[in-house]
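# What the coordinates show
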Amino acid sequence: MDNEEEKEAVNPARREFIRDAARGASVIGMTFAIGGLLPASAEEQGFVWQINPHKCTECGRCADECILQHSAVKAVHAYGMCGYCDLCTAYFKPEPYELNEGAENHMCPTDAVRRKHIDGPYYEYHIDEEHCVGCAKCVDGCRSFGNGSMHLQIQQDICVDCNSCSIAIACPSDSFEKVPADNPYMFKTEEDVWHQ
Ligand code: SF4
Ligand code: SF4
Ligand code: SF4
């Protein structure tokens, strides 16, 4: 069975079952492979998958290649790096009709990037995780013209820790790494602003 067929075989109901079962297993501290549906989890070995944000090239595959119906990959925001710009290139399309909060001006296809006025010309940008599909459009916009403060991370409370992460296989920039399960994120920090 090739990758596409395997992905197709995990229908939405089954994906939900896998996710719920994995969450349940995590809650009660059990470490077992779920009824043979998944290979032994990476977490069993003390490691989980995570995206190295310095390697990601915003190809968009994180939105489509996850075995879950809604990708476990979400955009996150390193507030310490952000310029709090009015003209945010993660928020606005490259050529917006107007610089206002109308949906027609938004870069994000699901309206998951929200902004709040802080003071003067400064705005704070927040990701609504429930709506984010991990498409990386905001990440691309931010890195191309801004400080690179938006980046992608696997949300560990959603990910079921497949032994072979299907996004890792598809990722063209080798961005997926196994990290210790007790330190499972690779968030950017303000120090990264000098390394964009
Ligand atoms: S542009 Fe894509 S990655 Fe960014 S918040 Fe919207 S759905 Fe998530
Ligand atoms: S390991 Fe990869 S494919 Fe599996 S649920 Fe997590 S992000 Fe998705
Ligand atoms: S598949 Fe790799 S390069 Fe593409 S958006 Fe995901 S992490 Fe970035």
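Coordinates for the structure precede this section.
Here the residue numbering is sequential within each chain, running from 1 through the sequence in written order. Whichever chain is written first is A, and whichever ligand is written first is 1; the rest continue in order. Side-chain atom pairs in this predicted model are given and counted only at pLDDT of 80 or more, local residue features only at pLDDT of at least 70, and totals for whole chains, interfaces and linings cover all residues.

With that out of the way, let us pick up the site of ligand 3. As a matter of local geometry, ligand 3 sits amid 16 residues, with C56, C59, R61, C62 and C171 nearest to it. Each residue belonging to the shell around ligand 3 can be placed in one class, and the counts come to 10 nonpolar, four polar and two charged. Should the C-beta atom of a residue, placed from the backbone, lie within 6 Å of a molecule or strand, that residue is near it. Residues are sorted three ways: Asp, Glu, Lys and Arg are charged, Ala, Val, Leu, Ile, Met, Phe, Trp, Tyr, Cys and Pro are nonpolar, and all the rest, Gly among them, are polar.

Okay, unusual backbone geometry next. Most peptide bonds adopt trans geometry, and most residues besides glycine take a negative phi value. The phi torsion at D161 lies on the positive side, around 55°, for a residue other than glycine. Positive phi, close to 55°, is recorded for D174, a residue that is not glycine. When you line up the elements, D174 lands in the loop between α4 (166-170) and β6 (176-180). What counts as a helix is a DSSP run of H or I of at least four residues, what counts as a strand is a run of E of at least two, and both are numbered from the N terminus.

Moving on: helix α3 (residues 137-145). For α3, the complete set of buried residues consists of K137, C138, V139, G141, C142 and R143. A pair of residues counts as a contact when their C-beta atoms, built from backbone coordinates, are separated by no more than 7 Å. Buried residues along α3 sit against β2 (73-77), β3 (113-119) and β5 (150-154). Exposure criterion: with C-beta atoms placed from backbone coordinates, a residue whose C-beta has 20 or more other C-beta atoms within 10 Å is buried, one with 12 or fewer is exposed, and one in between is partly exposed.

Linking buried Ala, Val, Leu, Ile, Met, Phe, Trp, Tyr and Cys residues through C-beta atoms within 7 Å yields a set, and such a set is a nonpolar core. Judged by nonpolar contacts, the single largest core of 39 residues is most densely connected at V73, A75, A90, V113, C138, V139 and L152. At the level of elements, β1 (47-51), β2, α3 and β5 are the ones that each hand at least two residues to this core. In contact with L152, other than residues within four places in its own chain, are I51, P53, C56, C62, V73, A75, G134, A136 and V139.

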